[in-house]
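# Descriptive structure summary
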Amino acid sequence: MKTPVDRFRFRPYQRPAAGWGALRSVAHAWLDSRQPFKNLRAMLQTNQNGGFDCPGCAWGEAPKEGRIRFCENGAKAVNWEASGRGVDRDFFARHSLQDLMAQDDYWLEYQGRLTEPMFYDGEGNHYRPISWDEAFALVAKHLQGLDSPDEAAFYTSGRASNEAAFLYQLFARAFGTNNLPDCSNMCHEASGVALKASIGTGKGTVTYGDFDKAEAIFVIGQNPGTNHPRMLEPLSEAVERGARVLVFNPLRERGLERFQAPQNPVQMLTGGEVPLSTDYFRPALGGDMAVIRGIAKFLFQWQDEAQQIGETGPLDLDFIREHSEGFEQYRAVVDDASWEEILAYSGITKDEIECAAHVYSRSNATIMCWAMGVTQHRHSVAIIQEITNLQLLRGQVGRPGAGLCPVRGHSNVQGDRTMGIDDNPSAALLDALERKFALPMPREAGVNVVKAIEAMLEGRVKVFIGLGGNFAQATPDSARTHGALRKCDLTVQISTKLNRSHLVTGKQALILPCLGRTDIDIQVGGAQAVTVEDSFSMVHASFGQLKPLSAEMRSEPAIIAGLAQATLGEKPVPWVKLVEDYRLIRDLIADVIPGFENFNRKLETPGGFYLPNSAGQRRWKTRNGKANFVSHSLPAPLPPEVLEKIGKEGARKADLVLQTLRSHDQYNTTVYGLNDRYRGVTGNRRVLFAHHDDIQRLGFTDRQPVDIVSLWSDDVERRVQGFTLIAFDIPKGQAAAYYPEANPLVPLESYGIGSFTPTSKYIAIRLEPSSAPQRIV
Ligand SMILES: Nc1nc2c(c(=O)[nH]1)N[C@H]1C(S)=C(S)[C@@H](COP(=O)(O)OP(=O)(O)OC[C@H]3O[C@@H](n4cnc5c(=O)[nH]c(N)nc54)[C@H](O)[C@@H]3O)O[C@H]1N2
Ligand SMILES: Nc1nc2c(c(=O)[nH]1)N[C@H]1C(S)=C(S)[C@@H](COP(=O)(O)OP(=O)(O)OC[C@H]3O[C@@H](n4cnc5c(=O)[nH]c(N)nc54)[C@H](O)[C@@H]3O)O[C@H]1N2
Ligand SMILES: [Mo]
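Residues numbered from 1 in each chain as written. Chains lettered and ligands numbered in written order. Predicted model: local features only at pLDDT ≥ 70, side-chain atom pairs only at ≥ 80, totals over all residues. Heavy atoms only, no water.

### Some thoughts on the site of ligand 1
Taken together, the neighbourhood of ligand 1 is formed by 31 residues, with E253, G286, D288, Q666 and N668 sitting nearest. The separation between a nitrogen atom of ligand 1 and a polar main-chain atom of F248 is 2.9 Å. Within the backbone of N668, an N or O atom sits 2.7 Å from an oxygen atom of ligand 1. (Near = heavy atom within 4 Å. Polar contact = N/O pair within 3.5 Å; in protein donor to acceptor, adjacent residues only side chain to side chain.)

Encoded structure:
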C-alpha cells in the first residue's frame with residue numbers, strides 16, 4: 001500500500017501558526033483514516049467529560065466547559081490510531097521480515113492497526129499467527145527459564161494508562177526486578193532528577209490556572225506550535241493581556257511567533273492573528289544555563305545597587321531566608337562566572353540577557369516552561385537546577401501565577417511514573433507495595449534505557465517486553481541498539497501499530513495487538529474507563545468511543561494480566577479477575593500510591609482531581625526540608641570525549657553541532673507524513689538544516705546531499721547517508737535534523753550526567769559528500 005507523499009520542496013512558511021493550514025491538515029487526517037464520519041463523532045469527545053483523553057501530548061485543559069478541545073496534531077493522533085486499515089495474518093504472509101525492514105517508518109505505521117497476535121519463531125522470515133494463550137505461555141516459559149529476574153527488562157512508553165502501568169510494574173516487581181526502563185529516561189528524566197534535589201518533587205509546580213495569572217512566561221527549549229498546540233491559546237491570551245512571553249530557542253519556530261486560533265471564527269475569517277511571544281532569544285545549543293546565570297548576575301548586581309541606596313532589590317530575601325539553603329554558595333558561583341564565559345557559552349548578547357533580566361526582575365509572577373531543548377543535553381540536570389535557582393531568587397515557587405513547568409511529552413508519561421514505572425524506585429513506594437501485597441520487593445535499582453541496551457549487548461538482559469513505544473527507533477546509536485535487541489532470546493511488543501521494533505527481533509518475537517485510547521474497552525464488568533495524569537497533575541478518566549477494528553485485540557491491562565498470570569499464577573493478586581472491572585485495579589492503587597485514596601470516588605468529579613504538589617505549597621520534601629540552591633560551575637560546551645576525538649585527529653574540528661527534533665508531521669517515531677509545514681519543508685525528512693555561511697565555509701552547496709558523521713572518542717563509525725542540506729535560518733555553528741532518522745548518530749555513551757538521557761540535542765558532527773546512491777530530490 002503506497003503512502004501519500006508530496007514532491008520535495010523547501011519554501012519558508014509565512015502564515016501564522018494553526019489557522020487554515022491546521023484545518024486543512026485535520027481534514028486530510030480525517031479522510032485518510034478510512035473512517036472519517038466515525039472519527040468525527042469521536043473527535044468531538046476528545047478531552048471532554050465522558051470522552052477520551054487525547055492520545056497526543058500531556059498538556060492539560062482549562063476547566064472551561066463547552067469548547068472544542070483538540071488541536072491539529074491531536075486530530076492527527078486520533079485519526080492515526082483510529083485507522084480503518086488493518087494488519088493481519090495475510091499481511092505477514094505476504095511480507096517477509098526483510099521486505100518490511102526495507103520500508104521506512106512512515107510506510108510501516110501507515111499499514112494500519114495490528115489486529116491479531118503474531119509470532120516469529122526464529123525460523124524462516126515470516127511472522128505467523130499464534131493464540132493469546134500460547135503467546136502468554138511462551139513468555140512465561142522464557143521468563144521462568146531465566147537465571148535471574150534481572151535478565152528481563154520491562155519497557156514502558158508513556159501512553160499506557162495508570163491502570164496498565166500499575167499492573168505492569170507490579171508484574172515486574174513480583175517477578176523480581178526493577179528493570180523498568182521507560183520513555184521518560186529519554187525525555188524528562190533530567191527534570192525529575194533536578195527538581196527532586198532542588199525542591200523535593202519531580203513534577204512541575206504550576207496548574208493550568210496559573211497561566212491566566214502570570215506576568216511573565218519563559219518558554220525555554222520547546223516548540224509548542226507542533227508538540228503542544230493547545231498551549232498556544234494560553235500563550236496568546238497572556239500576550240494579549242500584557243504579560244511578557246520570553247522565548248529561548250535557537251530556531252525561529254513559527255508556533256512561538258504568531259497564531260490564528262482555529263476556534264475563533266473572527267480571526268479565521270478576517271485573517272487576524274495574534275502574537276505568541278513578546279521577546280525572542282536565540283541561544284547556543286546547551287547555552288541556556290549560561291543565559292540564566294547571566295540573568296542571575298544582573299539580579300545580584302541590581303540587588304547590591306538597591307541595598308546601597310537603602311531600597312529593596314529584586315531578590316525575595318524573606319523567601320530565601322525562610323525557605324532555602326545554599327544561597328551564599330550560589331551567589332559565589334555566579335560571581336565567579338565571568339561575562340566572557342557567560343557570553344561565549346550562551347550564544348546571545350549581554351544586552352539581550354539584560355533585557356530578559358529586566359522583565360524577570362519586574363514580574364511578580366513568572367512561570368518557566370521547558371521541554372526537550374533543555375532536557376536532552378549532557379548538563380540538563382545542571383541547567384534545570386539553574387532555572388530553579390533563578391526562580392528561588394525571587395520566591396517564584398508556590399505562589400499564584402508562578403512556578404516551574406516541565407512540559408511533558410506522552411499523554412500519560414507523568415502518570416506512569418506516579419504509578420511506579422521507575423527503574424530507581426523510592427523506598428517509600430517499595431515499602432507500600434510490600435505492605436499491601438505481603439511480598440518482598442526487589443530493592444536494587446534496575447536498568448534505565450541506556451543501561452538496558454548495554455545489558456542486552458553484554459547478554460545480561462535476555463527477554464525484552466515493550467508496553468507500547470518503539471524501542472528500536474526511539475533509542476540512540478541505532479546500529480548498536482538493533483544489535484542489542486537481536487541478541488535477546490525473546491522480544492515482545494504490546495502495540496497498536498506496526499513499527500521497526502517488530503522487525504528488529506530477538507531470536508523469537510511476539511506482537512501483541514492492543515486497544516488504544518480511542519477504542520471501546522469491554523470487559524466482563526462492562527465498558528471500562530482508564531485514567532491518566534496530565535502535566536499539571538490532574539488525574540481524570542478516559543472512555544474509548546470507537547468499536548475496535550478487530551475482536552482479537554485486547555486491552556493493555558488484559559494483556560499484562562494474561563502475561564502475569566501465566567508467569568506467576570495468582571501471586572500476589574488474581575490478575576485476570578482484576579481486569580474484569582478496572583475499579584478493582586484502582587482500589588489497589590488507592591491503597592499504595594499517595595494522593596489516590598478513594599480513587600474511584602474522586603473520579604466522579606467532572607474534570608478529575610488534582611494531585612497536590614508539595615513544592616507548590618512550599619513544603620520541601622528534600623533531605624534538609626528546604627528548597628535548595630544547587631550550585632554548578634558552567635559546563636564547557638564540547639564534552640571531553642569529543643575533544644579527545646578531535647585531539648586524536650589533529651586540527652580538524654567538529655563542523656557543526658547537531659540537534660535532533662520533531663517535524664510537524666510526526667508523533668515521536670510515528671511519522672504521519674513527510675512534511676514540516678512551519679519550517680517550510682515538503683516531501684522529505686532526510687534533510688539537514690544549516691546556516692548558509694556554514695554550508696559555504698564547509699565547501700558544500702544548498703540542496704547538496706551529504707553524509708553526516710558524528711564524533712566520539714570510541715572507534716565506532718556513526719554515519720547517516722544522503723541527507724539534503726537546506727540553507728536555513730539557524731544560528732551559525734548549529735545544525736538540525738529529524739528524529740528518528742538521525743538517531744544512528746547519537747553515541748550510546750553520550751548521555752546526561754545524573755539523568756542518563758541521550759544527548760539528542762547536542763551531537764558534534766562532520767559533513768562529507770554523500771556516499772549514498774544519488775536520489776533525485
Ligand atoms: N505532534 C506531536 N506532539 C508531541 C510529540 C510529537 O512528536 N509530535 N512528542 C511528544 C513528546 S514525547 C515530547 S517529549 C514533547 C516534545 O516537545 P518539544 O520539546 O517541543 O520537542 P522537540 O521537537 O524535540 O523540540 C525541541 C525544541 O527545542 C529547541 N532546542 C533544541 N536545543 C535547544 C537548546 O539547547 N536550547 C534551547 N533553548 N532550545 C533548544 C528546538 O529548536 C526545538 O524548538 O512533545 C510531545 N508532543
Ligand atoms: N534523537 C532523538 N531521539 C529521541 C527523542 C529526540 O528528541 N531525539 N525524543 C525522545 C523522547 S522525548 C521520547 S518520549 C521517546 C519516545 O519513545 P517511545 O515512546 O518508545 O516511541 P513512540 O514513537 O512514541 O512509540 C510509537 C509506537 O507506540 C505504539 N503505540 C501507540 N499508541 C499505543 C497505545 O496506546 N498502546 C500501546 N501499547 N502502544 C501504542 C505504536 O505501535 C507506535 O508505533 O523517544 C526519544 N528519542
Ligand atoms: Mo518525550
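Moving on from the model shown.
### Overview of the site of ligand 2
Taken together, 31 residues lie near ligand 2, and E109, Y155, A474, E556 and T669 sit nearest. Within the backbone of A474, an N or O atom sits 2.7 Å from a nitrogen atom of ligand 2. When ligand 2 sits alone it has 930 Å² of accessible area, and the protein chains cover 97% of it. Grouping the constituent residues of the shell around ligand 2 by class yields 10 nonpolar, 15 polar and six charged. Counting only domains with at least three residues in the shell around ligand 2, you end up with domain 2 (86-180 + 420-604) and domain 4 (640-769). (Areas by Shrake-Rupley, 256 points an atom, 1.4 Å probe, with all protein chains shown as cover. Nonpolar A, V, L, I, M, F, W, Y, C, P; charged D, E, K, R; others polar. Domains from an automatic or database assignment.)

### Quick look at the packing of helix α22 (residues 427-437) against helix α28 (residues 582-592)
The geometry of α22 relative to α28 is characterised by a closest axis approach of 9 Å and an angle of 125° between their N-to-C directions. Overall, the two elements α22 and α28 adopt an arrangement that is oblique. The hand of the α22/α28 crossing is right-handed. Contact residues: L429, A432, L433, K436 and F437 in α22; L588, D591 and V592 in α28. A class-by-class count of the residues in the contact of α22 with α28 yields six nonpolar, no polar and two charged. (Axes fitted to C-alpha atoms, helices over the stretch in contact; angles between N-to-C directions. Helix = DSSP H or I, 4+ residues; strand = E, 2+ residues; numbered from the N terminus. Parallel < 35°, antiparallel > 145°, perpendicular 65-115°, else oblique. Left-handed = near helix turned anticlockwise from the far one by under 90°. Contact = heavy atoms within 4.5 Å.)

### Regarding the packing of helix α14 (residues 288-308) against helix α20 (residues 380-393)
Contact geometry for α14 and α20: axes closest at 9 Å, N-to-C directions at 20°. Compared by their axis directions, α14 and α20 come out roughly parallel. Where α14 crosses over α20, the handedness of that crossing is left-handed. Between α14, through D288, M289, I292, R293, I295, A296, L299 and F300, and α20, the contact on the second element is made entirely by A382, I383, E386, I387, L390 and L393. Split by residue class, the contact of α14 with α20 holds 11 nonpolar, no polar and three charged.

### A closer look at a nonpolar patch on the surface
A contiguous nonpolar surface patch, about 330 Å² in accessible area, is contributed by W20, L23 and L269. If you trace the backbone, L23 turns up in helix α1 (residues 19-32). (Patch = residues over 30% accessible without salt bridge, like charges linked within 9 Å, V, L, I, M, F, W, Y side chains within 5 Å. Salt bridge = Lys/Arg side-chain N within 4 Å of Asp/Glu carboxyl O.)

### Some thoughts on the side chain of E533
Secondary-structure assignment places E533 in strand β21 (residues 529-533). Look at E533 and you get buried, because its relative accessible area is 1%. Of the polar contacts made by the side chain of E533, one reaches the side chain of K203; its length is 2.9 Å. Not counting residues up to four positions away in its chain, the partners in contact with E533 are N162, K203, S411, N412, Q414, G415, T418, M538, V539 and L611. (Buried < 20%, exposed > 50% of the residue type's maximum accessible area, 1.4 Å probe, protein only.)

### Observations regarding the layout of surface pockets
Empty space within the second largest pocket amounts to approximately 1500 Å³. Counting residues per element, the ones that place at least two in the lining of the second largest pocket are α9 (189-199), α21 (413-418) and α22. For the lining of the second largest pocket, the element with the highest residue contribution is α9, accounting for five residues. Grouping the amino acids of the lining of the second largest pocket by side-chain chemistry returns 14 nonpolar, 21 polar and 11 charged. (1 Å grid on protein atoms, 1.4 Å probe; cavity = no way out; pocket = protein on both sides within 12 Å on 5 of 7 lines; lining within 4 Å. Points joined across faces, edges and corners; volume = space filled by probe spheres on them.)

### Section: helix α16 (residues 327-336)
For α16, the complete set of buried residues consists of F327, Y330, R331 and V334. Each buried residue of α16 sits inside an arc of 100° when the element is viewed along its axis, so together they form one side. Opposite the packed face of α16, turned more than 90 degrees from it, sit the exposed residues E328, Q329 and D336. Close packing links the buried residues of α16 with α14, α15 (317-323), β13 (324-325) and α20. (Arc of directions from axis to C-beta.)

### Section: the UniProt feature "domain: Molybdopterin oxidoreductase" (unreviewed entry) in the chain
Taking the UniProt record as the reference, the feature "domain: Molybdopterin oxidoreductase" (unreviewed entry) is found at residues 113-494. Secondary structure content for residues 113-494 is 47% helix and 13% strand, while the C-alpha to C-alpha distance between its ends is 12 Å. (UniProt positions renumbered as here; feature names shortened; annotations may be inferred.)

### Some points on the sheet that holds strand β6 (residues 128-129)
Read across the sheet, six strands follow the order β6-β5-β18-β17-β16-β7 without closing on themselves; strand pairing throughout is mixed. Bordering the open sheet on either side are β6 and β7 (152-156), each of which pairs with just one other strand. Bridge count for strand β16 (residues 463-467) against strand β17 (residues 490-495) is five bridges, and the pairing is parallel. Bridge pairing in β17 places G466 opposite Q493. Lying on the sheet, helix α7 (residues 132-144) is in contact with β5 (118-120), β7, β16, β17 and β18 (508-513); it crosses β18 at an angle near 135°. Against the sheet, helix α26 (residues 556-568) contacts β16, β17 and β18, and its axis sits at roughly 140° relative to β18. (Pairing = 2+ DSSP bridges.)

### So, the pairing of strand β15 (residues 403-406)
Residues G403 and C405 of β15 are buried on one face, and the alternating residues L404 and P406, pointing to the opposite face, are buried as well. Relative to β15, strand β14 (residues 366-370) runs parallel, the two sharing four bridges. Bridged to W370 within β15 is P406.

### Some words on the pairing of β16
In terms of burial, β16 is largely enclosed, as five of its five residues are buried. Every second residue of β16 is oriented toward a common face, with V463, I465 and L467 on one face and F464 and G466 on the other, all of them buried. Both β7 and β16 contribute to a ladder of five bridges, which runs parallel. If you follow Y155 over to β16, its bridge partner there is G466.

### Re the sheet that holds strand β12 (residues 279-281)
To summarise the sheet geometry, strands pair through backbone hydrogen bonds and adopt either a parallel or an antiparallel arrangement. Strands sit in the order β12-β9-β8-β14-β15 across an open sheet of five strands; the sheet is parallel. Each of the sheet's edge strands pairs with one partner strand only, and the pair in question is β12 and β15. Across the sheet, the mean angle from the axis of one strand to that of its neighbour is 15°, orientation sign disregarded. Across five bridges, strand β8 (residues 216-220) lies against β14 in parallel orientation.

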